[in-house]
Amino acid sequence: MPQEPSVCEEKNYNELFHKYYEQVTKYIYYKCGDLQQAEDIVQNIFVKLWQLCATISFSKAKSYIYRACNNSFLNEIKHQKVVLRHQQDVIANTDYESPDFLIEVNEFRTKLKDAINELSVKEREVFLLSRVEQKTYREIAEITGLTVKAIERRMSKALKELREVLGKDIKI
Amino acid sequence: MIENYDADDTFLARWIAGTLTKEERIGFEKTDTYKQLSIINRESQLLKGPDINTDTALEKVKQKINTKRNKTKVFRLWYSVAAAAAVLIGLGVFLNSSKTYTTGIGETMSVTLADGSIIDLNANSKLSHKRFFWENNREVDFTGEAYFVVKKGDDFVVSTSKGKVEVLGTEFNIKDRSYFELKCYEGKVSFINNNFSSEPSILTKGMKVLIEENKVKKIDFNEETPDWKQGISKFKNQPLMDVLEELQQIYPITFQLNNIDTSRIFSGSFRHDNLKNALQTTLSPMGITYQKGSKNNLIILSE
């Protein structure tokens, strides 16, 4: 069995950092809505990862980082609104089947962001990980430590709630 | 009609993931809900999370790691310094520690020092010297009475309350009690009184020094070994108080004086092995009567 790369080696540590820092930070951000707080939490966990490098194997590092960040977040109960932006390359009113659906694109987008923020934290994090970060349910289950079934339920509930809030703004 | 997406709590999630059955999908696509959710889904996927600069973050994390490490390093360094200092102080105290020999009332003890010198302590005496490296600097602190047989070598110094006795290799007796007496039995001894104005006294075999009225007196004597080594205390024209003091060194007794004149002169001796005889041979010739007090060790004197 080939030996695992050591987390204590800077090269490997940097690799883990580049691989996971951004996604973990976003995950924590979607939970707490405070980017500064999210970055602090994740950075402190990476400091810990370095200190514990001898005891954490390279393959277990990802789950350690997520779990530790999540625990750290639970200790700092501070939920805020997530600030979401539209990608700049998106041109309004592109190829919708029927542009008439939209009362007004920008207004709708603002309402969508508000509606996402109105979701419970559990649903919000699943919805954003899926739709914005394009993670599969299996990945989300791994990150959150829940079952795929639970993720599917949360996702379905999130969609239902968004439709309830936004449906009246989408004229068919 | 209850739609699938209402009844099945994973239906919409599976639609998003594209894992609905064909039937489910076709049925769902006919609903208004589908059309609304398609737009919500589409718009949601156009959203973007925060911009995160991983490289800056990595730099920050490495700074944090280094400050923490430095802090612990500094902390550990101070710890080490403190520990080392404690060890050094402890070692110093230990190396500087003294070995002390004491004798109680009526006891004698023979001490052999590292250089082979022998010191016989008479009763109620105390000898101490440095525990380590003593041979580099042969010096002992002493009070009481003892007979010294010093091995030849560098200066051997005895510090007493009255002054220093310096010898090379010799035999001598020091008595440093209420009165001071140094007798040289062999070789050469020098005595330097604590009173620095006085010149050192050089004693050879058969010479002794006394301190009387703060002056060092040099007198000849004639004996081979100190009397106390034979278990005898001898006095020649000495005040009674010296005799009483000596009795109290050898025997566990305390005198109650009752206005007795202790400056009167006594010549004679007493043995160390019998209190009754000792009292009789010293006190009776002086016309002093004595009786035991209420306490065991109290001797009440009267004229």
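The model shown is predicted, which means the values in this text are computed figures rather than measured ones. (Residues numbered from 1 in each chain as written. Chains lettered and ligands numbered in written order. Predicted model: local features only at pLDDT ≥ 70, side-chain atom pairs only at ≥ 80, totals over all residues. Heavy atoms only, no water.)

What follows covers the overall build of chain B. Of regular secondary structure, chain B possesses seven helices and 19 strands. The C-alpha radius of gyration of chain B comes to 47 Å, more than 25% above the 19 Å expected for a compact globule of 303 residues. Counting all 303 residues of chain B, 42% fall into the buried class. Considering only contacts within chain B whose residues lie at least 6 apart along the sequence, 43% involve residues at least 24 apart. Total accessible area computed for chain B in this model is approximately 17,000 Å², and 52% of it derives from carbon and sulfur atoms. (Helix = DSSP H or I, 4+ residues; strand = E, 2+ residues; numbered from the N terminus. Rg over C-alpha atoms; globule rule 2.2 N^0.38 Å. Buried < 20%, exposed > 50% of the residue type's maximum accessible area, 1.4 Å probe, protein only. Contact = heavy atoms within 4.5 Å. Areas by Shrake-Rupley, 256 points an atom, 1.4 Å probe, with all protein chains shown as cover.)

When charged atoms on two side chains of opposite charge get close, those side chains can pair. All names here are of chain B. Summed over the entire model, instances satisfying the criterion amount to 25 salt bridges over all chains. Between D120 and K229 there is a salt bridge, and its shortest N-O distance comes to 2.1 Å. In this pair, D120 sits in strand β4 (residues 118-121) while K229 sits in the loop between β14 (215-220) and β15 (232-239), placing the two residues 109 residues apart along the sequence. Residues K234 and D227 are paired through a salt bridge, measuring 3.7 Å at the closest nitrogen-oxygen approach. A residue is classified by how much of its surface remains accessible, and D227, at 12% relative accessible area, is buried. (Salt bridge = Lys/Arg side-chain N within 4 Å of Asp/Glu carboxyl O.)

For chain B, the domain assignment lists domain 1 (4-45), domain 2 (52-96), domain 3 (103-220) and domain 4 (231-302). Inter-centroid distance (C-alpha atoms) of domain 1 of chain B to domain 3 of chain B is 111 Å. (Domains from an automatic or database assignment.)

With that settled, the discussion passes to the UniProt feature "coiled-coil region" (unreviewed entry) in chain A. Taking the UniProt record as the reference, the feature "coiled-coil region" (unreviewed entry) is found at residues 105-168 of chain A. Helix makes up 81% of residues 105-168 of chain A and strand 0%, with an end-to-end C-alpha separation of 14 Å. (UniProt positions renumbered as here; feature names shortened; annotations may be inferred.)

All names here are of chain B. Together, L77, W78 and V81 give the surface a local cluster of nonpolar side chains, amounting to about 350 Å² of exposed area. Within the secondary structure, W78 is located in helix α5 (residues 54-95). Residue W78 is classed as exposed on the basis of its relative accessible area, which comes to 58%. (Patch = residues over 30% accessible without salt bridge, like charges linked within 9 Å, V, L, I, M, F, W, Y side chains within 5 Å.)

With that settled, the discussion passes to the nonpolar core. One finds Y13(A), I28(A), F46(A), L49(A) and F127(A) to be the most contacted residues of the largest nonpolar core, which totals 69 residues. For this core, the leading source of residues is helix α1 (residues 10-32) of chain A, giving 11 residues. With residues near it in sequence (within four places) discarded, Y13(A) still touches V7(A), F46(A), V47(A), L49(A), W50(A), L58(B), V61(B) and I65(B). Among the nonpolar cores identified, the runner-up in size contains 27 residues, and L121(B), C184(B), V189(B) and I211(B) belong to it. (Core = buried A, V, L, I, M, F, W, Y, C linked by side-chain atoms within 4.5 Å.)

What follows concerns the pairing of strand β13 (residues 207-212) of chain B. All names here are of chain B. Here β13 lies mainly inside the structure; five of its six residues are buried. Bridge analysis of strand β10 (residues 180-186) against β13 gives four bridges, and the strand direction is antiparallel. Bridging from a neighbouring strand, C184 pairs with M207 of β13. One ladder, built from six bridges, connects β13 with β14; its direction is antiparallel. Along β14, the bridge assignment pairs M207 with D220. Once β13 ends, the chain turns through two residues before running back antiparallel as β14, passing E213 with a positive phi of about 50°. (Pairing = 2+ DSSP bridges.)

Another aspect to go through is the packing of α1(A) against helix α5 (residues 121-131) of chain A. All names here are of chain A. Their axes nearest at 8 Å, the elements α1 and α5 cross at an angle of 145°. By crossing handedness, the relation of α1 to α5 is classed as right-handed. Only V121, R124, E125, L128 and L129 of α5 make contact with α1, whose side of the interface consists of Y27, Y30, K31 and C32. (Axes fitted to C-alpha atoms, helices over the stretch in contact; angles between N-to-C directions. Left-handed = near helix turned anticlockwise from the far one by under 90°.)

The next point concerns the sheet that holds strand β19 (residues 298-302) of chain B. Residues and elements named next belong to chain B. Taken together, three strands build an open sheet; the order of strands is β16-β19-β18 and the sheet is mixed. The open sheet has two edge strands, β16 (254-256) and β18 (289-292), and neither has a second partner. The sheet shows a mean angle of 30° between the axes of neighbouring strands, taken without regard to direction. Of the strands in this sheet, β16, β18 and β19 touch helix α7 (residues 275-283), which is tilted by about 155° from β18.

This part is about the UniProt feature "transmembrane region" (unreviewed entry) in chain B. On the UniProt side, "transmembrane region" (unreviewed entry) is annotated at positions that read residues 77-95 of chain B here. With 100% helix and 0% strand, residues 77-95 of chain B has its two end C-alpha atoms placed 26 Å apart.

All names here are of chain A. Tallying each qualifying case throughout the model produces one disulfide over all chains. C32 forms no disulfide, and the closest cysteine sulfur to it belongs to C69, at a distance of 11 Å. Overall, the relative accessible area of 0% leaves C32 in the buried class. (Disulfide = S-S within 2.5 Å.)

Residues and elements named next belong to chain B. As for its position among the elements, F255 is in strand β16. Residue F255 is classed as buried on the basis of its relative accessible area, which comes to 10%. It is 33 Å that separates the C-alpha atoms of F255 and K99, two residues lying 156 residues apart in sequence. Setting aside residues up to four positions removed in sequence, F255 forms contacts with L244, L247, Q248, L279, L283, L298, I299 and L301.

Glancing now at the UniProt feature "domain: Protein FecR C-terminal" (unreviewed entry) in chain B. Feature annotation in UniProt assigns "domain: Protein FecR C-terminal" (unreviewed entry) to the following positions: residues 235-298 of chain B. The span residues 235-298 of chain B is 31% helix and 31% strand, and its two end C-alpha atoms sit 23 Å from each other.

All right, on to helix α6 (residues 137-144) of chain A then. Residue and element names in this part refer to chain A. Taken together, the buried positions of α6 are occupied by Y137, I140, A141, I143 and T144. The buried residues of α6 all sit within an arc of 165° when viewed along its axis, so they share a single face. Positive phi shows up at G145, right after α6, with a value of about 75°. (Arc of directions from axis to C-beta.)

Now for the domain arrangement of chain A. Quoted interface sizes are often the accessible area lost when the parts come together. All names here are of chain A. Segmenting chain A into domains produces domain 1 (10-75) and domain 2 (99-169). Listed by partner, the interface residues are 10 residues for domain 1 and 11 residues for domain 2. A combined buried area of about 940 Å² lies between domain 1 and domain 2, and 54% of that area is made up of carbon and sulfur atoms. It is Y27, Y30 and K31 in domain 1 that bury the most area against domain 2; as a group they hold 58% of the surface buried on that side. For the pair domain 1 and domain 2, the number of links is three salt bridges. Of the charged contacts, one joins K26 and E133 as a salt bridge, the two residues approaching to 3.9 Å between their closest N and O atoms. Applying the counting criterion to the domain 1 and domain 2 interface returns five residue pairs in polar contact (both at pLDDT 80 or more). For the side of domain 1 that touches domain 2, the secondary-structure elements that each account for two or more residues are α1 and α3 (61-75). A class-by-class count of the residues in the side of domain 1 that touches domain 2 yields four nonpolar, three polar and three charged. (Buried area = accessible area lost by both parts, 1.4 Å probe. Polar contact = N/O pair within 3.5 Å; in protein donor to acceptor, adjacent residues only side chain to side chain. Nonpolar A, V, L, I, M, F, W, Y, C, P; charged D, E, K, R; others polar.)

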